[in-house]
Amino acid sequence: GAYLIRALVDAGTLPHGVGVAFGLAYAAVWAILGHRAKRPLDAAFRTLASILIAYPLIIQSSTHFGILAPGLAALILVAAASLHAAVAWRRDLHAILWMATLAALGSGFIVMMAQRAIEPFAAAFLALGAGALWLTYGRRWHGLRWPTALAADAGVLILTTLATWPGGAQGVYRGLSLNRALFLA
């Protein structure tokens, strides 16, 4: 299905924006199918398929096609991670939650660096960290806190370093707000 959508976009049958929307909807359908699956292995496979569709699509539509603005890409990234986390939590799929979290964090850093958009992704990493903290209380999946905390710390460190640069932020980072950086810190 994902390859069919990609082929339709490459052939010019579907506009890029519509193709991205269909691709994200297709990934969401796989996650929902994982939630509704009867057996844990089926749920894991379907949710993994959703992960393998969603995060590369977010990266490519943000960096290669330029369809998703950085703020929208960060929001979609958090929404996809939340959907995958909900399925993993409901189905008790610890490994799937790790895969979704690492894929979301990696995708976030790729788009953040490629688009030079620090603020929305620092906020997204903080949201993912808070979500991971909340999720780990019930299942005792405490190891999941570390990668999200490191990503949130790195995002905030990069943001505050650039926003407080002596003489102001340089180059493409001129639009950074010191007040927003301090709020996120």
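The preceding data block contains the structure.
Residues numbered from 1 in each chain as written. Predicted model: local features only at pLDDT ≥ 70, side-chain atom pairs only at ≥ 80, totals over all residues. Heavy atoms only, no water.

**A short note on the overall build of the chain**
Tallying secondary structure elements over the chain gives 8 helices and 0 strands in all. Starting at the N terminus, the α and β elements of the chain follow one another as α-α-α-α-α-α-α-α. Counting over 185 residues, the chain shows a buried share of 43%. Across the chain, every contact between residues at least 6 apart in sequence was considered, and the portion connecting residues at least 24 apart equals 67%. If you sum the accessible surface of the chain, you get close to 9700 Å²; carbon and sulfur atoms cover 68% of it. Computed over 13 positive and 5 negative side-chain charges, the inter-centroid distance for the chain is 6 Å. (Helix = DSSP H or I, 4+ residues; strand = E, 2+ residues; numbered from the N terminus. Buried < 20%, exposed > 50% of the residue type's maximum accessible area, 1.4 Å probe, protein only. Contact = heavy atoms within 4.5 Å. Areas by Shrake-Rupley, 256 points an atom, 1.4 Å probe, with all protein chains shown as cover. Lys, Arg positive; Asp, Glu negative; His and termini not counted. Charge placed at Lys NZ, Arg CZ, Asp CG, Glu CD.)

**Points about the packing of aromatic side chains**
Tallying each qualifying case throughout the model produces 3 aromatic pairs. Measuring from ring centre to ring centre gives 6.3 Å for Tyr26 and Trp30, while their planes differ by 85°; the resulting arrangement is edge-to-face. Separated by 4 residues within a single helix, Tyr26 and Trp30 lie in helix α2 (residues 16-36), roughly one turn from each other. Aromatic rings pair up to connect Tyr26, Trp30 and Phe45 into one cluster. (Phe/Tyr/Trp six-rings, centres within 6.5 Å; stacked < 30°, edge-to-face > 60°.)

**Looking at unusual backbone geometry**
The phi torsion at Asp92 lies on the positive side, around 55°, for a residue other than glycine. Classification of Asp92 by relative accessible area gives partly exposed; the value is 46%. Phi angles above zero are rare outside glycine, and Arg116 is one such case at about 55°. Mapping Arg116 onto the fold places it in the loop between α5 (94-115) and α6 (118-139).

**Quick notes on the packing of helix α1 (residues 2-10) against α2**
The geometry of α1 relative to α2 is characterised by a closest axis approach of 9 Å and an angle of 175° between their N-to-C directions. Overall, the two elements α1 and α2 adopt an arrangement that is roughly antiparallel. Where α1 approaches α2, its residues Ala2, Ile5 and Val9 are matched on the opposing element by His16, Gly19, Phe22, Gly23 and Tyr26. Residues of the contact of α1 with α2, tallied by class, amount to 5 nonpolar, 3 polar and no charged. (Axes fitted to C-alpha atoms, helices over the stretch in contact; angles between N-to-C directions. Parallel < 35°, antiparallel > 145°, perpendicular 65-115°, else oblique. Nonpolar A, V, L, I, M, F, W, Y, C, P; charged D, E, K, R; others polar.)

**Digging into the nonpolar core**
Membership of the largest hydrophobic core comes to 47 residues, with the highest contact counts inside it found for Tyr55, Ile58, Leu97, Phe121, Phe125, Leu128 and Leu159. If you list the elements that add at least two residues to this core, you get α2, α3 (40-63), α4 (70-91), α5, α6, α7 (145-163) and α8 (178-184). With 9 residues, the single largest contributor to this core is α4. The contact partners of Phe125, leaving out residues within four places of it in the chain, are Leu105, Gly108, Phe109, Met112, Thr148, Ala151, Ala152 and Gly155. (Core = buried A, V, L, I, M, F, W, Y, C linked by side-chain atoms within 4.5 Å.)

Structural measurements only, silent on function.
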